[in-house]
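# Structure assessment
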Amino acid sequence: MTDNLKGIALKFSIEGEIADIKPLGEGFINDTFIVTTVGEEAPNYLFQRKNKNIFKDVPSMMGNILKVTTHLKKKVAAKGGDIMREAMTITPTKTGDLYFKDEEGEFWAMCLFIKDNLTYEAADSPELAYAGGKGIGKFQSMLSDMKEPLVDILPGFHNIRFRFKQWDEVLIKDPAGRKAELTEEIAWVEDRRKEMLEFWTLVEDGTIPTRVTHNDTKINNILFDKEGNDLCVIDLDTVLNSTVLNDYGDSMRSYTNTGLEDDDNLDRVSMDMDIFKAYTKGYLEETVSFLTAFEMEYLAFSARYITFEQVLRFLMDYIDGDNYYKIKAPQHNLIRTHAQYKLLTSMEEQYEQMKQVVSKYSKELS
Ligand code: GN1
Ligand code: MG
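Since we're looking at a predicted model, the values are computed, not measured. (Residues numbered from 1 in each chain as written. Chains lettered and ligands numbered in written order. Predicted model: local features only at pLDDT ≥ 70, side-chain atom pairs only at ≥ 80, totals over all residues. Heavy atoms only, no water.)

## Overview of the layout of surface pockets
Considered as a void within the structure, the second largest pocket measures approximately 570 Å³ in volume. Taken together, 21 residues form the lining of the second largest pocket, with F162, R163, Q166, M316 and Y324 sitting closest to its centre. Mapped by element, the contributors of at least two residues to the lining of the second largest pocket are α4 (160-173) and α10 (299-320). Per-element tally for the lining of the second largest pocket: the top contributor is α4, with six residues. When the residues that make up the lining of the second largest pocket are grouped by side-chain class, the tally is eleven nonpolar, three polar and seven charged. (1 Å grid on protein atoms, 1.4 Å probe; cavity = no way out; pocket = protein on both sides within 12 Å on 5 of 7 lines; lining within 4 Å. Points joined across faces, edges and corners; volume = space filled by probe spheres on them. Helix = DSSP H or I, 4+ residues; strand = E, 2+ residues; numbered from the N terminus. Nonpolar A, V, L, I, M, F, W, Y, C, P; charged D, E, K, R; others polar.)

Structure, rendered in C-alpha cells:
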C-alpha cells in the first residue's frame with residue numbers, strides 16, 4: 001500500500017482503520033483495489049481509479065450508479081431482502097461527494113465490499129448459469145419501472161452503427177500499420193456488417209424498446225452466495241438506457257464459452273448449449289412478465305450480436321495500436337479477436353437450436 005493510495009482512500013468515509021490496500025481482480029478498464037480495515041466490525045471496501053480515457057464524465061457516471069442503486073435498494077427492501085448485500089452501496093467522500101478527483105486529475109470512487117460471496121471467471125455448471133440468468137433477470141426486472149433517465153456517459157456503447165463508424169475511421173488511419181496483415185480478420189467483420197446494422201435499426205426505430213440495463217454482464221460482474229444463488233450484480237459503471245438484449249447477449253458470450261475469452265487454443269472455444277439453456281431458463285423466469293414479443297424474438301440473435309461486436313472491438317483496438325483494453329502481451333487483442341470469432345462461428349452453427357430454446361422457454365413461462 002503506497003502512502004499516496006492510502007491518502008486518497010482516507011478522503012472517503014471509511015468506518016474503522018485501514019489495515020491494507022491491495023490490487024483486486026482482472027478488470028480490463030479501471031484499476032481496482034480492496035481496502036481492508038482492522039478488526040471484524042468495520043466493513044472492507046472496493047476502491048477504484050476510474051479510467052478517465054474511457055469514462056469521460058465520471059461525475060455523471062457516479063450519478064447514474066447512485067440512481068440505480070437507490071432504486072434497487074427500494075425494490076430489495078420491498079421484498080424483504082438484504083439491501084446491503086443484494087445491491088451495491090456507494091461510499092461517499094468525507095465531504096459527501098460520490099468521487100474524489102486527485103491532483104493529477106484522476107477520478108477515484110469507493111463502494112462497500114460485500115463479504116462471503118463467490119465470483120467466477122467461467123460458468124462451469126448449468127446450475128451456476130441458471131443462477132446467473134436469474135441474477136441479471138432480477139436486476140433488469142427491478143429496474144424495469146425506473147422512470148428517471150440516466151446520463152448517456154458512453155454514447156454508442158453497444159450501438160453497432162457507432163462501432164462501424166469508429167471502425168471505418170481506424171481502418172482509414174491504420175495507425176499501427178497492422179491492417180495489411182489482417183485481410184482475413186477484417187473480412188470476418190465486413191461479411192456481417194449488413195446483418196448487424198439491420199438488427200440495430202429495430203432498436204433505433206423503437207421496435208425494440210430501451211430500458212435501464214447493465215451493459216457488461218460477463219460472469220465476473222455478478223456475485224453468487226455460498227449456496228450457489230445469485231447475490232448481487234456489480235461493476236455498474238456501464239448502467240445505461242439501452243436494450244435488455246445487450247445484457248442477455250453479453251452474458252451468453254461470457255457464460256457459454258467452453259474456453260477463455262482470450263484462449264490461444266481455439267479447439268477449446270465453442271458455445272455450450274447446456275449452459276445456454278440453463279441461463280436462458282433462469283433469465284426468462286425473471287423477465288418473461290415484462291419483455292415484449294420482439295425482445296424475446298431477438299434474444300438468440302443478441303448473443304451473436306454482442307459476440308460480433310466484441311470481435312470488432314478487439315480487432316479495432318489491435319489495428320488502432322492497443323489504446324483501449326489493457327493487454328498482457330503484444331498480440332493480446334489479436335488473440336482475443338480469434339477466440340471471440342471462434343465463439344461467434346460456434347453460435348452461428350447452433351443458431352437454430354438457440355432460437356428453439358428461447359422459444360420453448362418463452363412459451364412455457366408466459
Ligand atoms: C470490459 O471492465 P470490464 O473488464 O468488466 C469492457 C466491456 C467488454 C469487456 C470484455 C467499459 O469490461 O465492454 O465487453 O471488457 N468495458 C468497457 O471482457 O469497455
Ligand atoms: Mg468487471
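## Details of the site of ligand 1
Looking at ligand 1, there are 16 residues lining it, with D216, K218, E261, Q310 and Y324 nearest. Within the side chain of E261, an N or O atom sits 2.7 Å from an oxygen atom of ligand 1. Y324 places a side-chain nitrogen or oxygen 2.5 Å from an oxygen atom of ligand 1. Here ligand 1, which alone exposes 450 Å², has 96% of that area covered by the protein. (Near = heavy atom within 4 Å. Polar contact = N/O pair within 3.5 Å; in protein donor to acceptor, adjacent residues only side chain to side chain. Areas by Shrake-Rupley, 256 points an atom, 1.4 Å probe, with all protein chains shown as cover.)

## Description of α10
Taking 1.5 Å of rise per residue, the 22 residues of α10 would be expected to cover 32 Å, and the 31 Å separating its terminal C-alpha atoms lies within 8% of that figure. Burial runs high along α10: 21 of the 22 residues are buried. Taken from the residues just after α10, G321 is the one with a positive phi, measuring 95°. (Expected span 1.5 Å × (residues − 1). Buried < 20%, exposed > 50% of the residue type's maximum accessible area, 1.4 Å probe, protein only.)

## Things to note about the coordination of the magnesium ion (ligand 2)
A metal bound by six donors in octahedral fashion has ideal angles of 90 or 180 degrees, whereas one bound by four tetrahedral donors has an ideal angle of 109.5 degrees. Only N221 (OD1) and D235 (OD) from the protein reach the magnesium ion (ligand 2) as donors, at distances of 2.3 Å. With a gap of 14 residues between them, N221 in the loop between β6 (211-213) and β7 (222-224) and D235 in the loop between β8 (230-233) and β9 (240-242) connect regions that are remote in the sequence. Judged by its relative accessible area of 29%, D235 falls in the partly exposed class. (Donors = N, O, S within 2.8 Å, 3.2 Å for Na, K, Ca; no water.)

## Description of the pattern of salt bridges
Side chains that differ in sign of charge can pair as their charged atoms come close. Under the criterion given, the structure shown has 28 salt bridges. For the salt bridge of K79 with E86, the shortest nitrogen-to-oxygen distance reads 4.0 Å. The exposure class of E86 is partly exposed, given its relative accessible area of 25%. Taking the shortest distance from any N to any O, the salt bridge between R253 and D250 comes out at 2.7 Å. Here R253 and its partner D250 are both found in helix α7 (residues 244-255), three residues apart, which amounts to about one turn of the helix. Considered together, R253 and D250 belong to a single accessibility category, that of buried residues. Through salt bridges with shared partners, a single ionic network connects K134, K281, E285 and E286. (Salt bridge = Lys/Arg side-chain N within 4 Å of Asp/Glu carboxyl O.)

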